[in-house]
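Observations on the three-dimensional arrangement
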Amino acid sequence: MSILSDLTSKDADRIYSGACEVRLLRNREELKMLVEHLSEIRKLTSNIPLGGALYPNIAHLKFAIKKLEFVKYSKDCLCMLYSEDQFYNPEVEQNIGNIRILATKRIEDKWVDFYECECLECGAKYRVTEGEYHYTWWAWKRI
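Residues numbered from 1 in each chain as written. Predicted model: local features only at pLDDT ≥ 70, side-chain atom pairs only at ≥ 80, totals over all residues. Heavy atoms only, no water.

Concerning the overall build of the chain
Helix and strand counts for the chain stand at 6 helices and 4 strands. Reading the secondary structure of the chain in the N-to-C direction produces α-α-α-α-α-α-β-β-β-β. Relative to the compact-globule value of 15 Å for 143 residues, the chain shows a C-alpha radius of gyration of 16 Å, a close match. Burial analysis of the chain (143 residues in total) assigns 41% to the buried set. (Helix = DSSP H or I, 4+ residues; strand = E, 2+ residues; numbered from the N terminus. Rg over C-alpha atoms; globule rule 2.2 N^0.38 Å. Buried < 20%, exposed > 50% of the residue type's maximum accessible area, 1.4 Å probe, protein only.)

A short note on the packing of helix α2 (residues 12-24) against helix α5 (residues 58-73)
Between α2 and α5, the least distance of the axes is 8 Å, while the angle of their chain directions is 45°. Accordingly, the angle class assigned to the pair α2 and α5 is oblique. In the crossing of α2 with α5, the sense of the turn from one axis to the other is left-handed. Between α2 and α5, the residues in contact are I15, Y16, A19, C20, V22, R23 and L24 and H60, L61, F63, A64, K67 and L68, respectively. By residue class, the composition of the contact of α2 with α5 is 10 nonpolar, 1 polar and 2 charged. (Axes fitted to C-alpha atoms, helices over the stretch in contact; angles between N-to-C directions. Parallel < 35°, antiparallel > 145°, perpendicular 65-115°, else oblique. Left-handed = near helix turned anticlockwise from the far one by under 90°. Contact = heavy atoms within 4.5 Å. Nonpolar A, V, L, I, M, F, W, Y, C, P; charged D, E, K, R; others polar.)

Looking at the environment of E69
Turning to its location among the elements, E69 is positioned in helix α5. Its relative accessible area of 28% is what places E69 among the partly exposed residues. On a C-alpha basis, the gap between E69 and R100 in space is 26 Å, while along the polypeptide they are 31 residues apart. Setting aside chain neighbours within four positions, we find E69 in contact with L38 and R42.

Remarks on the nonpolar core
In this structure, V22, L68 and W140 are the most contacted members of the largest nonpolar core, which totals 36 residues. With 7 residues, the top contributor of residues to this core is α5. Other than its neighbours up to four places away in sequence, V22 contacts I3, L7, L31, L34, A64, K67 and L68. (Core = buried A, V, L, I, M, F, W, Y, C linked by side-chain atoms within 4.5 Å.)

Brief notes about the packing of aromatic side chains
Geometrically, a pair of aromatic rings is defined through the distance of the ring centres and the angle of the planes. Counted under the stated rule, the structure contains 6 aromatic pairs. Between the aromatic rings of F63 and Y88, the centroid separation amounts to 5.8 Å while the plane-to-plane angle is 80°, which identifies the pairing as edge-to-face. Taken as a pair, F63 in helix α5 and Y88 in the loop between α5 and α6 (90-95) lie far apart in primary sequence, 25 residues in all. Relative accessible area serves as the criterion here: at 2%, Y88 is assigned to the buried category. Taken together, F63, Y82, Y88, Y126 and W140 form an aromatic cluster joined through their ring pairs. In this arrangement the basic side chain of R127 is found over the ring face of F114, its NZ or CZ atom lying 3.5 Å from the centre. (Phe/Tyr/Trp six-rings, centres within 6.5 Å; stacked < 30°, edge-to-face > 60°. Lys NZ or Arg CZ within 6 Å of the ring centre and 35° of its normal.)

Focus on the pairing of strand β1 (residues 99-107)
Looking at chain direction, β1 and strand β2 (residues 111-119) are connected through 8 bridges and run antiparallel. The residue of β2 that forms the bridge with R106 is V112. Hairpin connection between β1 and β2: a loop of 3 residues separates the two successive antiparallel strands, and E108 in this loop has a positive phi of roughly 50°. (Pairing = 2+ DSSP bridges.)

Take a look at the structure:
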């Protein structure tokens, strides 16, 4: 199944899954194909309850739409969106080839305090603070 078919399925689980895939997608051509269907995505997801226990799943869909709008209206590097969403995990982003972790600073040699990262597309550098409450989150700040 494609991301578009997930986002337009009217099925809450598939919409959530598609929205999470958009977050990870870095290929502009694939994102532009989704942008062509932005009004359809908005229409078909507008009244679907997406649930979410500790964090509302609608936030993932809203971010996916925001990312598609960014692609539609901007030619800037997609790393600029890191600060807009708390679910960009630096280790995942490194594993899929979007960034390089330059340093990891730990607290008591156990917990991550922050990462220093570099975007492999544009060279922007970030300080990424890791936090945890009911789930792990990351705050990206360009340096």
